[in-house]
Amino acid sequence: MTDVQQLLPCSEPVRFLEPTGTLVAGGPGEEASARGYAMPEPEALVEVWRNMVLGRRFDAQATALTKQGRLAVYPSSRGQDACQVAPVLTMTGPDWLFPTYRDSMALFVRGLNPAESMAQLRGNWHSGYDPKATQTGPQTTPLATQALHAAGAAYGMVRRGTGGVALCYIGDGATSEGDFHEGMNFAAVFNAPTVFVVQNNKYAISVPLAKQTKAPSLAYKGVGYGVRSEQVDGNDPIAMLAVSRAAFEHARSGGGPFLIEAHTYRMEAHTNADDATRYRSSDEVDEWVGRDPIVRLQTWLLAEGHIEDATVEEVRAEGEEIAARIRSIMNEDAVLDPMELFEHVYAEPTPQLREQAAMVAAEEALR
Ligand SMILES: Cc1ncc(C[n+]2csc(CCOP(=O)(O)OP(=O)(O)O)c2C)c(N)n1
């Protein structure tokens, strides 16, 4: 293969498992095999399935908490479960994660304490967890800024010789941002071990992909920077794990960054504040519900005897316990100091800020 061919994605999204839950006849194809994407072992796939089931229960609970006024906002990743789980399970000790607002399920799978990870979505604090202690950047809302954080952190890990890889999630819409360009370019030029996972869920709020890009696949955006790139069926958990493993291996072994475009779909609205029926049809949603990544893998695991009906019931029950624990955590009111509003705004507070802080302090004193 020429250098350019080594960067190019497969002509079709990599797929191991059909939406019906049977393996693709003849395997994922010559192109995918030539790129080294190998069928993962069943135990790893059971772990992906288990985490998807638990992650989805977490996601459903978080959505319910918005309806109960316990969370201010929640961007669901229901339907994107394979994208949220497989790359995170590929991470090892020295690696760092750089998530967006959409990636709460990934944080849950990473093992973050929900009381801390949900503080921001509750509107209590900028980021409730300690990025250094958890090796996880804050969930960024300014689109694509995390691409710069990830590329910089990855380069820092090379300089320090930690052997770590930075995993960066990003949305399809955010690949139109300048920060995406700068992050990709920096990572490529400095050979920074960064795995960019573009979750192409087909919409940037109400803007469909066709109004976002003319690129035949978002993976081609990586090629322009000299970044090895791939497109994957993001609702096929087997393909997501196989390609994530290759991407991490490529980055960790000095090959530089890797871009994965995961073709997937956001089954819920953009957030609880959005009405998705205004810009997409229920037929379209139903079609994607039929490609549910959990049902797909579960069907195959059951058919192959890697799990049993009892395993499904056990994991379901575990999910209910987790949901109950999250409810009780989130039903407790956090103790907040309103004066914190004025901290960390400027190194030297402006006169206006001091005046406002004095007003709030006076009101608080009357309580
Ligand atoms: C720099 C910036 N511009 C605009 C917005 C407003 N905004 C929030 S989410 C969003 C759509 C993002 O879509 P995408 O990147 O596809 O991610 P998804 O929400 O689908 O996960 C926009 C435009 C923002 N948060 N930051």
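Residues numbered from 1 in each chain as written. Predicted model: local features only at pLDDT ≥ 70, side-chain atom pairs only at ≥ 80, totals over all residues. Heavy atoms only, no water.

A.B. asks: I'm lost on the overall build of the chain in this one. Help?
C.D. replies: Helices and strands together make up the secondary structure of the chain, namely 15 helices and 7 strands. Principal-axis analysis of the C-alpha atoms places the extent of the chain at approximately 75 × 50 × 40 Å. The burial tally for the chain puts 48% of its 367 residues in the buried class. Of the contacts formed within the chain by residues at least 6 apart in sequence, a portion of 76% connects residues at least 24 apart. (Helix = DSSP H or I, 4+ residues; strand = E, 2+ residues; numbered from the N terminus. Buried < 20%, exposed > 50% of the residue type's maximum accessible area, 1.4 Å probe, protein only. Contact = heavy atoms within 4.5 Å.)

A.B. asks: What am I meant to see in the pairing of strand 3 (residues 194-200) here?
C.D. replies: Walk down a regular strand and you will see the side chains alternate between the two sheet faces. Burial runs high along strand 3: 7 of the 7 residues are buried. For strand 2 (residues 166-171) and strand 3, the ladder comprises 6 bridges, and the chain directions are parallel. Directly across from Leu 167, in strand 3, lies its bridge partner Val 195. Remark: the strand 2/helix 9 (residues 178-189)/strand 3 crossover connection has right-handed handedness. (Pairing = 2+ DSSP bridges. Right-handed = clockwise from strand over helix to strand, strands pointing away.)

A.B. asks: Quick question: what am I supposed to make of the environment of Leu 45 here?
C.D. replies: Here Leu 45 shows up in helix 3 (residues 42-67). Judged by its relative accessible area of 0%, Leu 45 falls in the buried class. Linking Leu 45 and Phe 108, residues 63 residues apart in sequence, is a C-alpha distance of 18 Å.

A.B. asks: How do you make sense of the site of the ligand when you look at a structure like this?
C.D. replies: As a structural note, the neighbourhood of the ligand is formed by 15 residues, with Tyr 101, Arg 102, Thr 141, Gly 173 and Ala 174 the closest of them. Between the ligand and Ala 174, the relevant distance is 2.8 Å, taken from an oxygen atom to a main-chain nitrogen or oxygen of the residue. Note that an oxygen atom of the ligand is positioned 3.0 Å from one of the backbone N or O atoms of Tyr 203. Compared with its free state, where it exposes 580 Å², the ligand has 71% of that area covered by protein. When atom positions are compared with the pocket grids, the ligand is found to occupy the largest pocket. Of the residues belonging to the shell around the ligand, the class tally is 7 nonpolar, 5 polar and 3 charged. (Near = heavy atom within 4 Å. Polar contact = N/O pair within 3.5 Å; in protein donor to acceptor, adjacent residues only side chain to side chain. Areas by Shrake-Rupley, 256 points an atom, 1.4 Å probe, with all protein chains shown as cover. 1 Å grid on protein atoms, 1.4 Å probe; cavity = no way out; pocket = protein on both sides within 12 Å on 5 of 7 lines; lining within 4 Å. Sits in = over half its atoms within 2 Å of the grid points. Nonpolar A, V, L, I, M, F, W, Y, C, P; charged D, E, K, R; others polar.)

A.B. asks: What should I look at first to understand the layout of surface pockets in this one?
C.D. replies: It is the rolling of a water-molecule-sized probe over the atoms that shows where space remains empty. If you add up the space inside the largest pocket, you get close to 480 Å³. As for the largest pocket, its lining consists of 31 residues, and the residues nearest its centre are Thr 100, Tyr 101, Arg 102, Leu 143 and His 270. If you list the elements that add at least two residues to the lining of the largest pocket, you get strand 2 and strand 4 (203-204). With 3 residues, strand 2 is the single largest residue contributor to the lining of the largest pocket. Here the residues of the lining of the largest pocket sort into 12 nonpolar, 15 polar and 4 charged. Its volume calculated, the second largest pocket comes out at about 220 Å³. Here the lining of the second largest pocket is built from residues that sort into 5 nonpolar, 4 polar and 3 charged. (Points joined across faces, edges and corners; volume = space filled by probe spheres on them.)

A.B. asks: Help me understand the pattern of salt bridges in this model?
C.D. replies: Once their charged atoms are close, side chains differing in charge can pair, the charge on each being opposite to the other. Enumeration according to the criterion identifies 16 salt bridges in this entry. Measuring nitrogen to oxygen at the nearest pair gives 3.6 Å for the salt bridge that ties Glu 230 to Arg 35. A residue pair is termed long-range when its members are at least 10 positions apart, and Glu 230 in strand 6 (residues 228-233) and Arg 35 in the loop between helix 2 (30-34) and helix 3 qualify at 195 residues. Glu 230 sits in the buried class, given a relative accessible area of 0%. The partner of Glu 318 in a salt bridge is Arg 50, and the shortest N-O contact between them spans 2.9 Å. Taken as a pair, Glu 318 in helix 14 (residues 309-330) and Arg 50 in helix 3 lie far apart in primary sequence, 268 residues in all. (Salt bridge = Lys/Arg side-chain N within 4 Å of Asp/Glu carboxyl O.)

A.B. asks: When you look at the environment of Gly 255 in this model, what are you seeing that I'm missing?
C.D. replies: Following the sequence through the fold, Gly 255 ends up in helix 11 (residues 237-255). A relative accessible area of 37% places Gly 255 in the partly exposed class. Here the alpha-carbon distance between Gly 255 and Ala 188, two residues 67 residues apart in the chain, equals 9.6 Å. Sequence-distant contacts of Gly 255, defined by excluding residues within four places in its chain, comprise Asn 191 and His 250.

A.B. asks: Looking at this structure, how should I read helix 3?
C.D. replies: Every α-helix carries 3.6 residues per turn, so stepping three or four residues along brings you back to the same face. The end-to-end C-alpha distance of helix 3 is 38 Å, a good match for the 38 Å that 26 residues give at a rise of 1.5 Å each. Just downstream of helix 3, Gly 69 is the residue with a positive phi angle, here 75°. (Expected span 1.5 Å × (residues − 1).)

A.B. asks: Can you help me understand the domain arrangement of the chain in this one?
C.D. replies: Accessible area lost during the coming together of the parts is what is often quoted as the interface size. Domain boundaries in the chain define domain 1 (4-336) and domain 2 (337-366). Centre-to-centre separation of domain 1 and domain 2, based on C-alpha positions: 39 Å. (Domains from an automatic or database assignment.)

A.B. asks: Looking at this structure, I do not really get the sheet that holds strand 1 (residues 96-98). What am I missing?
C.D. replies: Pairing between the strands of a sheet comes from backbone hydrogen bonds, and it takes one of two forms, parallel or antiparallel. Pairing is parallel in the open sheet, where 5 strands are placed in the order 1-2-3-7-6. On the outer flanks of this sheet lie strand 1 and strand 6, each paired with one strand and no other. Each adjacent strand pair in this sheet contributes to an overall mean axis angle of 20°, direction not counted. Here strand 1 runs beside strand 2; their pairing, made up of 3 bridges, is parallel. (Axes fitted to C-alpha atoms, helices over the stretch in contact; angles between N-to-C directions.)

A.B. asks: What should I look at first to understand the packing of aromatic side chains in this one?
C.D. replies: Where two aromatic rings form a pair, the distance of their centres and the angle of their planes describe that pair. One pass over the structure, following the stated rule, counts 8 aromatic pairs. Here the aromatic rings of Phe 58 and Phe 108 are separated by 4.9 Å at their centres, their planes lie at 15°, and the arrangement is stacked. Of this pair, Phe 58 sits in helix 3 while Phe 108 sits in helix 5 (residues 104-110), placing them 50 residues apart in sequence. As far as burial versus exposure is concerned, Phe 58 and Phe 108 are alike and both buried. Within the aromatic cluster, the residues linked to one another by ring pairs are Tyr 203, Tyr 265, Tyr 279 and Trp 288. The aromatic ring of Trp 288 is capped on one face by Arg 291, whose charged end is 4.3 Å from the ring centroid. (Phe/Tyr/Trp six-rings, centres within 6.5 Å; stacked < 30°, edge-to-face > 60°. Lys NZ or Arg CZ within 6 Å of the ring centre and 35° of its normal.)

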